[in-house]
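Listed below are the residues making up each chain.
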Amino acid sequence: MRSGQRASSQGLRALPFLVPALIVFSMMNLYPLIHGISRSFYAYHARARADVFVGWENFTLLFDDPTFFRALSNNILWTVVSVAAMFIFSYALATLLNSKYLRFRRAFQAAAIIPWALPRVVVSLIWRYIFLPDGALNAMLAGVGIQGPGWLTDPSLALWTCAVANMWIGVPFVTVMLLAGLQSLDGEMLEAAVVDGASYFQTQVRVILPSIRRVIIIVLMLEAIWTFNGFEIVFVMTQGGPGNASMLLPLYGYLNAFMYYQPGYGAAIGVVSLVLVLGAIALYIREVLK
Amino acid sequence: MRMTGGKQVMLHLCVLVLIAIVLFPSVLLVFNALKTETEIFNHPLGVPRSPTLQNLRSVALDTTFVVNLRNSAIVGLCTVLIVVIVTAPAGYALSRFKFRGRTLFSTLLLATQAFPGIIMALGLLTVLITYGLVNRLPGLIIMHAGFSMPFSIWLLKGYFDEIPVALEESSWIDGCTRLQSLTRIVLPLAVPGLLGVATFTLLLSWGEFFFALVVMRSPEMYTLPVFLAHFVGSGGIVEWGPLSTAGLLTALPPVILFVFGQRYLISGLTRGALK
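Residues numbered from 1 in each chain as written. Chains lettered and ligands numbered in written order. Predicted model: local features only at pLDDT ≥ 70, side-chain atom pairs only at ≥ 80, totals over all residues. Heavy atoms only, no water.

### As for the pattern of salt bridges
Rule in force here: The rule for a salt bridge is simple: a side-chain nitrogen of Lys or Arg has to be within 4 Å of a carboxyl oxygen of Asp or Glu. Runs of H or I in DSSP of at least four residues are treated as helices and runs of E of at least two as strands, each being numbered from the N terminus. Under the scheme applied here, a residue whose accessible area is under 20% of the maximum for its type counts as buried, over 50% as exposed, and between as partly exposed, the area being computed with a 1.4 Å probe on protein chains only.
In total, this model carries seven salt bridges over all chains according to the counting rule given. Across the pair A:E287 and A:R213 runs a salt bridge, and its minimum N-O distance is 3.8 Å. Separated by 74 residues along the polypeptide, A:E287 in helix α13 (residues 263-289) and A:R213 in helix α10 (residues 213-228) bring together distant segments of the chain. Between B:E168 and B:R96 there is a salt bridge, with the nearest N and O atoms lying 2.6 Å from each other. Linking B:E168 in helix α8 (residues 165-173) with B:R96 in helix α4 (residues 65-96), this pair joins segments that are 72 residues apart in sequence. Classification of B:R96 as buried rests on a relative accessible area of 6%.

As structure tokens, this is what we get:
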């Protein structure tokens, strides 16, 4: 930035560069967001064959809907559990892959991130096969003499089975980000901690984790938001079933808007989801812009 | 610091176990694609005994796979083209100019990560209906472009930030306009950034499911993710052999692309999150 240039004159010169992006952004991001939110105050009226304004009615209906509450609590549990598991797995993997004693380190690092490129629907169908009653996992368990449960058909398991697939999908991205964080650490600082008599655990908690705090917050918030808004996995693996055992808000919103012809109700579910991730997105934006 | 032999063996064992968990599902996909239906369920974990191309034949001949593959390719490539053209100048403006609303614009770009798909789909559907683009490729292309653009602008801004302004200043003295210095000096140096954005956008578009599910209504208009979801979720018996083959063929293009494009994408992603 050259000194002496005022923001207003630079604004005029920046404008031509921004116009195409502003047009696409307004049409494909801002307008749909505002219009989509506004639809939560409308309901489809069959006789009028149009949306009619109903105020907060969709939201008051939500509070009497047990399926909504099931989806809501599922959504929170599934997000917290699968993101926590994703983080622990990825942190362990990144730490191991960063070790200077590891042979073929480059090859292992490359192998760890390949699944990043797999389309989510493909991943979901592989995991659906793995968790079939006569699928790969139960075949393995049978090999050691255990009769495996119906991972996708048992109401107490279905959501957690989907969470495993979700965890697996997030691992490459989180591992890459954490690995980059670990690689940026100052080796002397770590050795100083060891010389000072810090144990392995102390070094991790007091030195390493705080030093890569920013990248941790960024990946955790992104993965929490993506997981909270996740759709493909339950759609392909369980369709929310059995019953509503693995129903999540995005799937319930989709079913209402596009299968039950209640777009206003579906939009209201989306608005609730948006409100619930506001804290996470604010934290993410704050760290990125810092 | 030294590491004892025992510890070193443990380290390698742990890595092997974790990598096995990461790679196992993909290996299974390849195996199932080459097995017959009976072998998939009689020998779920084994290597294919006599690899068959029967699944490939039935996917290619009995389904809409080939035309859906074409749709995915058209949508992906057109989306990349639009995104690169639109985001390069915008990323440049964010990097080089100080203007009112700059922080607000950056905040909004980042905030799009949180917009729920259901709200966006309902809003976008109205746009598409207005322009008669439902169930048509251009409709999905502009949806994917809008979806990929905010993060792509942010990625490119990061690349442009690292190209010294001094390089451009001499060209201004020679009478170059800003647009000329962008296209002649900055963009050639930002090719890795453009490749990163192209990789990001193509992966996103190729795998995108929700919008495609909502706007593509007839089987010959499906993209591959929608094709796969209907294949597995159409009720009745799922044929895992053909399904796995279709899944494998869907996964191969992005995996191959990723092998070449990953370093550009990853350097862009990590640079913003570190420091």
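Next, the rest of the story.
### A short note on unusual backbone geometry
Negative phi is the rule for most residues except glycine; trans is the rule for most peptide bonds. Here A:G241 and A:P242 are connected by a cis peptide whose omega angle stands at -5°. On the secondary structure map, A:P242 appears in the loop between α11 (232-237) and α12 (249-259). Even without being glycine, A:Q239 reaches a positive phi, approximately 55°. Locating A:Q239 in the fold gives a position in the loop between α11 and α12. Phi at B:N135 takes a positive value of approximately 65°, unusual for a residue other than glycine. Following the sequence through the fold, B:N135 ends up in the loop between α6 (117-130) and α7 (137-161).

### A word on the interface of chain B and chain A
For clarity, the cut-off: Contacts were defined at the residue level, with two residues in contact if any of their heavy atoms lie within 4.5 Å. When two components associate, each loses some accessible surface as probed by a 1.4 Å sphere; the sum of these losses over both components is called the buried area. Each residue gets one of three labels, nonpolar for Ala, Val, Leu, Ile, Met, Phe, Trp, Tyr, Cys and Pro, charged for Asp, Glu, Lys and Arg, and polar for the others, Gly among them.
Listed as interface residues are 100 residues of chain B and, on the opposing side, 96 residues of chain A. Carbon and sulfur atoms make up 81% of the area that chain B and chain A hide from each other, which totals about 8,700 Å². One can count zero salt bridges joining chain B with chain A. Take the side of chain B that touches chain A: its biggest share by element is 17 residues, from helix α1 (residues 5-33) of chain B. Class assignment for the residues of the side of chain B that touches chain A results in 76 nonpolar, 18 polar and six charged.

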